[in-house]
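Reading the structure
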Amino acid sequence: MNVHTASISQLQTALRNGSITPTELLEAHIQRIEQVNPVVNGLVADRYDAARKEAQQAEACLRDTPEKALPLTGIPCTIKEFIGVEGMPQTGGVLWRKDEKAKSDATVVQRIRSAGGIIMGVTNIPEGGLWLETYNAIYGRTKNPWNTKRTSGGSSGGEGVLVSTGATPFGIGSDVGG
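So, how was this worked out
- Residues numbered from 1 in each chain as written.
- Predicted model: local features only at pLDDT ≥ 70, side-chain atom pairs only at ≥ 80, totals over all residues.
- Heavy atoms only, no water.
- Buried < 20%, exposed > 50% of the residue type's maximum accessible area, 1.4 Å probe, protein only.
- Helix = DSSP H or I, 4+ residues; strand = E, 2+ residues; numbered from the N terminus.
- Contact = heavy atoms within 4.5 Å.
- Disulfide = S-S within 2.5 Å.
- Core = buried A, V, L, I, M, F, W, Y, C linked by side-chain atoms within 4.5 Å.
- Expected span 1.5 Å × (residues − 1).
- Arc of directions from axis to C-beta.

Some words on helix H5 (residues 157–164)
Along H5, the residues that are buried comprise Gly157, Gly158, Glu159, Val161 and Leu162. Buried residues in H5 make contact with helix H2 (22–40), strand E1 (43–46), strand E2 (76–80), strand E3 (118–123), strand E6 (143–144) and strand E8 (171–172).

In structure tokens:
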């Protein structure tokens, strides 16, 4: 199984039958982010240390009390920077907010965590969410992974490039334009 193209269901099965551990799954995705991010600029802030601890806890759960495993136990993901992840940047790509950090988790983040998901970091957005490409003066431009001279689109361009390159199994984005 290729963990970078596997579905959440396939990853759940692999974690539960022990063919991969949450730590191995997380490290595979961190390695992929580190490989593609210098080119595409999708992830703007990581929480790898905390994610590694959470993966170890998920590993213990799956090993010691598998009946208590939650739907996303051990599955890593990323979150659009607009959406609050406690302690992570939440600037909206607006320069005067460059030092702002989320004071709490947004409801969707709370639900991902309560389902056992592991958040690896937050992803790039356009300034104020107002553009059709993902660019802002804090983090720069997110590029299309198939042609870096082109846009990744917006407003969830950071999420889009990380999901499409297999750097995250899933991500949470948002869009008003569809």
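Observations concerning the state of the cysteines
Per the counting criterion, the structure on display carries zero disulfides. The thiol of Cys61 is not disulfide-bonded; the next cysteine sulfur, from Cys77, is found 17 Å away.

Observations regarding the nonpolar core
Core analysis: the largest hydrophobic core is formed by 24 residues, its most contacted members being Leu25, Ile75, Ile79, Val85, Ile112 and Phe170. Going through the elements one at a time, helix H1 (8–17), H2, E2, helix H4 (107–114) and E3 are the ones with two or more residues in this core. Among the elements that make up this core, the one with the highest residue count is H1 (three residues). With sequence-adjacent residues up to four places away left out, Ile75 is seen in contact with Ile8, Leu11, Gln12, Leu15, Leu25, Gly116, Gly117, Ile118, Pro169 and Phe170. Within the second largest apolar cluster, 14 residues are counted, among which are Ile30, Val36, Ala51 and Leu162.

Observations regarding helix H3 (residues 48–64)
Because the α-helix completes a turn every 3.6 residues, residues three or four places apart line up on one side. Over its 17 residues, H3 extends 24 Å from the first C-alpha to the last, a length consistent with the 24 Å expected when each residue adds 1.5 Å. Restricting attention to buried positions, one finds in H3 the residues Tyr48, Ala51, Ala55, Ala58, Cys61 and Leu62. Down the axis of H3, the buried side of the element spans an arc of 125 degrees, and every buried residue falls inside it. Seen from the open side of H3, the exposed residues pointing more than 90 degrees away from its buried face are Asp49, Lys53, Gln56, Gln57, Arg63 and Asp64.

Distances and angles like these do not, on their own, reveal function.
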